[in-house]
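# Remarks on the overall topology
Read off the chains here:
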Amino acid sequence: MSDHDMQAPPFSALANELYLSYLSQQDNQDDIIRDIFPYGDGAPAMVVPGFMAHDRNTAELGAFISSLGYAGKKWKGGLHLGVSDYKLQHFSERLEHVYNKHGKRPVTLIGWSLGGIVSREMARQHPEMVAQVITMGSPIKALSNPDSNHLKGLFDFATALDQRIGASQEILRETPEVLKFHLDPKNTLSEKFALAVGYPLSCAARLLKQPRIVTDTEFTAQIADPINTPCTHIYTRNDGVVHWQTCIADETPITQNIEVGTSHLGLPFDATVRLIIADRLHHNSAGLTRDWTAFDSAKYESLFDFPNTPTQQRTLKP
């Protein structure tokens, strides 16, 4: 199947989405997974929510990561409306903050859906700050295949809205300084006039600017390009939100695609997904590309039916 043949899942798949998500949330194996691995070394790991999601939606996964002995971090970007310039800037600043706070230790980025797309872009922009990227149902090829999901129109609208929200917040933060400049007798009349003319134009330009991800075809192609950072792409053929093939990258010596049996909405809660995350943190949290090893499901076959048993059929082995 070519990239251009990737069609959005049928709406009938949404019922299965909800059912599998419910099963994943009921099938909690956190205690068993924690017993498999030694306590972590405190390396930072940030969970990034998907489109129209919030840190609250990924809080359980973050708490699980912390319970493994790693520093589970929130992205603190509010509701993830889209990939606006301001959202990317926030993510960049947040990544730098966590990186510096933990003694310049590279951060593992764990992104759900859209969160995985922007996590890859952070690794592309700041490779020294990112130990590895783990994506969960992240449609890295969807931007260049708009028919592969039902959310393209909503995504475009939300991203443009987020751009305007970010510009408005920036302008509001500047307002006190602008007023202070006009009230300061040290500033000349000509300087105040120049600001009175130029500043509204600057505000209008920022409010009207379109995020380049919506319009820039080169940028959308960049999203799917490999990055020089270890990547684990977790996907499910039961995905009822995006076409599962858009969530797969070309495999390289440091890139691996792993299939699981849950749904798109169930990915952050699924026991197999959490096992994979725990394994990746245990083996690759140091961020040393030369030491990266692929996930080996055979090591866990005594506990889980691997690799691609659907969630509703997967049982914990005695």
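Description of the structure in this document. The structure presented is a predicted model; accordingly, all values stated were derived computationally and were not measured.

The next subject is the pattern of salt bridges. Once their charged atoms are close, side chains differing in charge can pair, the charge on each being opposite to the other. Summed over all chains, the structure comprises twelve salt bridges. Between R206 and E170 there is a salt bridge, with its nearest N and O atoms 2.8 Å apart. Of this pair, R206 sits in helix α7 (residues 189–208) while E170 sits in helix α6 (residues 152–183), placing them 36 residues apart in sequence. A salt bridge links D279 to K299, with the nearest nitrogen and oxygen atoms 3.8 Å apart. Within this pair, whereas D279 is found in helix α10 (residues 271–284), its partner K299 is found in the segment after α10, the two being separated by 20 residues in sequence. Residue classification places D279 among the buried residues on the basis of a relative accessible area of 0%. Among the residues examined, K299 registers a relative accessible area of 45% and is labelled partly exposed. Taken together, the shared-partner salt bridges in this structure form one network comprising D30, E60 and R274.

Okay, the packing of helix α4 (residues 85–101) against helix α5 (residues 114–125) next. Closest axis-to-axis distance for the α4/α5 pair is 11 Å, and the angle between their directions is 60°. By the angle between their axes, α4 is oblique relative to α5. Considering only the axes of α4 and α5, their crossing is right-handed. Contacts between α4 and α5 involve L88, F91, S92 and L95 on the former and, on the latter, V118, S119 and M122. Tallied by class, residues from the contact of α4 with α5 come to five nonpolar, two polar and no charged.

Basis of the calculations
Here the residue numbering is sequential within each chain, running from 1 through the sequence in written order. Residues qualify for local features only when their pLDDT is at least 70, as the model is predicted, and side-chain atom pairs are given and counted only at 80 or more; totals for whole chains, interfaces and linings, by contrast, use all residues. Excluded from the side-chain calculation are hydrogens and water; included are all heavy atoms of the structure. When a carboxyl oxygen of Asp or Glu lies within 4 Å of a side-chain nitrogen of Lys or Arg, that pair is called a salt bridge. Numbering of helices and strands runs from the N terminus, with a helix taken as a DSSP run of H or I at least four residues long and a strand as a DSSP run of E at least two residues long. Accessible area is worked out with a 1.4 Å probe on protein chains only. A residue is then buried under 20% of its type maximum, exposed over 50%, and partly exposed in between. Every angle, taken between N-to-C directions, lies between 0 and 180 degrees, and every axis is a line fitted to C-alpha atoms, over only the stretch in contact when it is a helix. To sort the angles, those under 35 degrees are grouped as roughly parallel, those over 145 as roughly antiparallel, those from 65 to 115 as roughly perpendicular, and the leftovers as oblique. For any helix crossing, the convention is left-handed if the near helix is rotated counterclockwise from the far helix by under a right angle, and right-handed if that rotation is clockwise. Two residues form a contact once any of their heavy atoms are found within 4.5 Å. As a working rule, the residues Ala, Val, Leu, Ile, Met, Phe, Trp, Tyr, Cys and Pro are called nonpolar, Asp, Glu, Lys and Arg charged, and the rest polar, with Gly in that last group.

None of this, on its own, says anything about what the molecule does.
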